[in-house]
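# Observations on the model geometry
As a plain string of letters, each chain reads:
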Amino acid sequence: MTDRPVIDWRWIGSHLDDLWDLTVEHIVLTVIAVGVGFVLSFGLALVILRWRPAYGPITAIAGIMYTIPSLALFALLVPITGLSTLTAEIALVSYTLLILVRTIVIGVDGVPVDAREAADGMGFTSRGRLLRVELPLALPVIVAGLRIATVTTIGLVTVSALIGQGGLGRLINDGLQRGFPTMTITGAVMSVLLAIVADVLFVLTLRRLTPWQHVRRSDP
Amino acid sequence: MIEGILTDLAAVMTWFGDPVNWTGRDGIPNRLTEHIVMCLLSMVGALVVAVPIGLYIGHTGRFATVTVNIVNIGRAVPSYALMAVLYPLSIAFVVMGPGADIAFLATFLAMVLLAIPPIVTNTWAGIRGVDDDLREAARGMGMRGHEVLRGLEIPLALPVLLVGVRIATVQVIATATLGAVFGGGGLGRYIVQGFARQDDARLWAGAIMVAALAILAEVGFGWWIRRVDRHAIVTRR
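About the cut-offs
- Residues numbered from 1 in each chain as written.
- Chains lettered and ligands numbered in written order.
- Predicted model: local features only at pLDDT ≥ 70, side-chain atom pairs only at ≥ 80, totals over all residues.
- Heavy atoms only, no water.
- Helix = DSSP H or I, 4+ residues; strand = E, 2+ residues; numbered from the N terminus.
- Contact = heavy atoms within 4.5 Å.
- Lys, Arg positive; Asp, Glu negative; His and termini not counted.
- Charge placed at Lys NZ, Arg CZ, Asp CG, Glu CD.
- Buried < 20%, exposed > 50% of the residue type's maximum accessible area, 1.4 Å probe, protein only.
- Areas by Shrake-Rupley, 256 points an atom, 1.4 Å probe, with all protein chains shown as cover.
- Axes fitted to C-alpha atoms, helices over the stretch in contact; angles between N-to-C directions.
- Left-handed = near helix turned anticlockwise from the far one by under 90°.
- Nonpolar A, V, L, I, M, F, W, Y, C, P; charged D, E, K, R; others polar.
- Phe/Tyr/Trp six-rings, centres within 6.5 Å; stacked < 30°, edge-to-face > 60°.
- Buried area = accessible area lost by both parts, 1.4 Å probe.
- Salt bridge = Lys/Arg side-chain N within 4 Å of Asp/Glu carboxyl O.
- Polar contact = N/O pair within 3.5 Å; in protein donor to acceptor, adjacent residues only side chain to side chain.
- Expected span 1.5 Å × (residues − 1).
- Core = buried A, V, L, I, M, F, W, Y, C linked by side-chain atoms within 4.5 Å.
- Bend = angle between axes of the 7 residues up to and from the residue.

### Quick word on the overall build of chain A
Scanning chain A for helices and strands turns up nine helices and zero strands. On the principal axes, the C-alpha backbone points of chain A span a range of 75 × 50 × 25 Å. Partitioning the contacts of chain A with sequence separation of at least 6, the portion at a separation of at least 24 is 75%. Here chain A holds 16 positive side-chain charges and 15 negative ones, and the gap between their average locations is 7 Å.

### Digging into the overall build of chain B
Helix and strand content of chain B: nine helices and zero strands. From first element to last, N terminus to C terminus, chain B shows the α and β order α-α-α-α-α-α-α-α-α. Taken over the C-alpha atoms alone, chain B extends approximately 65 × 45 × 30 Å along its principal axes. Burial analysis of chain B (237 residues in total) assigns 45% to the buried set. For chain B, the share of sequence-separated contacts (at least 6 apart) that also reach a separation of at least 24 residues comes to 72%. Total accessible area computed for chain B in this model is approximately 12,000 Å², and 68% of it derives from carbon and sulfur atoms. The centroid of the 18 positive side-chain charges in chain B is displaced by 8 Å from the centroid of its 16 negative side-chain charges.

### Focus: the packing of helix α2 (residues 28-60) of chain B against helix α5 (residues 102-128) of chain B
Residue and element names in this part refer to chain B. It is at 6 Å that the axes of α2 and α5 come closest, and there the two elements cross at 35 degrees. Judged by the twist between their axes, the crossing of α2 over α5 is right-handed. Its residues placed into classes, the contact of α2 with α5 shows 21 nonpolar, seven polar and one charged.

### A word on the packing of aromatic side chains
Residues and elements named next belong to chain A. Per the counting criterion, the structure on display carries eight aromatic pairs over all chains. Centre to centre, the rings of Phe38 and Phe42 are 5.8 Å apart; their planes meet at 40 degrees, and the pair counts as tilted. Of this pair, Phe38 and Phe42 are both found in helix α2 (residues 16-50), four residues apart, which corresponds to roughly one turn of the helix. According to the relative accessible area criterion, Phe42 is partly exposed, its value standing at 25%.

### Some words on the interface of chain A and chain B
Taken together, the 29 residues of chain A in the interface contact 29 residues of chain B. At the boundary of chain A with chain B, total buried surface from both sides reaches about 2,400 Å², with 83% on carbon and sulfur atoms. Taken together, chain A and chain B are joined by zero salt bridges. Along the contact surface separating chain A from chain B lie one residue pair in polar contact (both at pLDDT 80 or more). Within the residue set of the side of chain A that touches chain B, elements represented by two or more residues are α3 (55-67), α4 (70-81), α7 (126-159), α8 (169-178) and α9 (181-209) of chain A. When residues in the side of chain A that touches chain B are grouped by element, the largest group, eight residues, is from α9(A).

### Regarding helix α3 (residues 64-75) of chain B
Its 12 residues give α3(B) an end-to-end C-alpha distance of 16 Å, which sits within 8% of 16 Å, the value for a rise of 1.5 Å per residue. The secondary structure elements touched by the buried residues of α3(B) are α2 and α5 of chain B.

### Structural notes on the side chain of A:Thr96
Residues and elements named next belong to chain A. When you line up the elements, Thr96 lands in helix α5 (residues 85-109). Residue classification places Thr96 among the buried residues on the basis of a relative accessible area of 1%. Apart from the residues lying within four places of it in its own chain, the contact partners of Thr96 are Ala33, Gly37, Ser41, Ala149 and Thr153.

### A look at the pattern of salt bridges
Considering all chains together, one arrives at 11 salt bridges over all chains under this definition. When the shortest N-O distance is used, the salt bridge between A:Asp109 and A:Arg52 registers 3.0 Å. Of this pair, A:Asp109 sits in helix α5 while A:Arg52 sits in the loop between α2 and α3, and the two are 57 residues apart along the sequence. The exposure class of A:Arg52 is partly exposed, given its relative accessible area of 35%. Two residues, B:Asp132 and B:Arg135, come together in a salt bridge whose shortest N-O distance is 2.7 Å. Note that B:Asp132 and B:Arg135 are positioned in helix α6 (residues 132-140) at a spacing of three residues, about one turn of the helix. Among the residues examined, B:Asp132 registers a relative accessible area of 48% and is labelled partly exposed. By sharing partners, the salt bridges in this structure join A:Arg116, A:Asp120, A:Arg129 and A:Glu134 into a single network.

### Overview of the nonpolar core
In terms of nonpolar packing, the biggest core is built from 78 residues, with A:Phe74, B:Trp15, B:Met43, B:Met111, B:Ile119, B:Val172 and B:Ile173 touching the most fellow members. Ranked by the residues each element gives to this core, the list is headed by helix α9 (residues 200-236) of chain B, at 12 residues. Contacts of B:Ile119, omitting those with residues within four sequence positions, involve B:Met43, B:Ala46, B:Leu47, B:Ala50, B:Val51, B:Gly164, B:Val165 and B:Ala168. If you look at the next biggest cluster of nonpolar residues, it comprises 14 residues, including A:Leu19, A:Leu168, A:Leu171 and A:Met183.

### Quick word on the side chain of B:Ser79
Note that B:Ser79 resides in helix α4 (residues 79-96). Those residues in contact with B:Ser79 that lie beyond four places of it in its chain are B:Ala110, B:Met111, B:Leu114 and B:Thr175.

### What about α7(A)?
Taking 1.5 Å as the rise per residue, α7(A) with 34 residues should run 50 Å; its terminal C-alpha atoms sit only 42 Å apart, a clear shortfall. At A:Leu139, α7(A) is deflected by roughly 55 degrees, the largest bend along its length, and proline A:Pro140 occurs up to four residues later in sequence.

Structural data, given as structure tokens:
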């Protein structure tokens, strides 16, 4: 054992640029995955809302994908798409589908019948009702789903370092390979912080998007 | 494309049929047992910590918001990063203390922490979901606090609690594979070895076994929850 400290602060101080670049890479990988995942899930959820028998099969397939270990999915895709960002994104997107499809459908299902009937009574078409009544009312549930998907994805991005991607996960891996704990711990701590920041941002955004849920009651 | 998939499938079948893969340290019986033992131990560890916390905040209503918020932050902690941090710490622990398996310890701790949040929140939510009228009726019948908890709240909260345990179990089964990156055992070994040796059959076999185990847990818990739920409905009448 050397008497080198566990955390080498000087290394961190002299690599701030790298840390910033890796954080940006981590964020970009996450945003693309959740963005693409949301678009796909939204499409699938629309199909389910129109034609309910699709719910079982779609969630079953998404559920099976969810049980495949991330490590294996990354590794299995490498022969097909190489050590590329595409490989990482395919795996990351597939992990968002189950959570997002489920929450969109559950959110819309949870819209009160009264609101739906009122919309029909006001002469909304079924598309108008979906866009202007059901989706806004389902927003808290949908945002909750996005929140879980984003936080999960930030964690999974670190694993994609094993196939040469990974943002802050690269630090974790390089540190492990070189036996340099400072890198590993910095990468791990920063990815945890990133996830927590994302989590808090979602809570604050939801508060802004749904002001009617946070009206202060002044009357007793 | 389809031909390629069929060749892969054949290779995986051959892999499963090869007697070499059924014996020794790297054999399926050993790796499967390691994986299941790791998952069981971590789930027991998580249940011991999480259920009492959930019951306490659900029953008393004290510290509920704070606890649920802390636990939700815990959900944001990536397991891989956690293992990476726990790994050097485990080395320190093992060097100081009894000679144990470092990767095992790091994976175990990370899995316990992964499983705690869903169990705490669901235990709490289950207890909170019990009808207040029933609670008052139980009190009116002269039941004490712990009797209300044992006789009314826990039985009625059980389905929701078990949903939390199911989520945690499935996540732990799939995530415990990451322990192999740090030199741990379990089914993750096949994935790490398959990737390193570019042996796709081995990789596929590992992934299929982990997924099958997770699906088995999902289905098994589903069956159990339906049973318990029916019972809870009967008692509710």
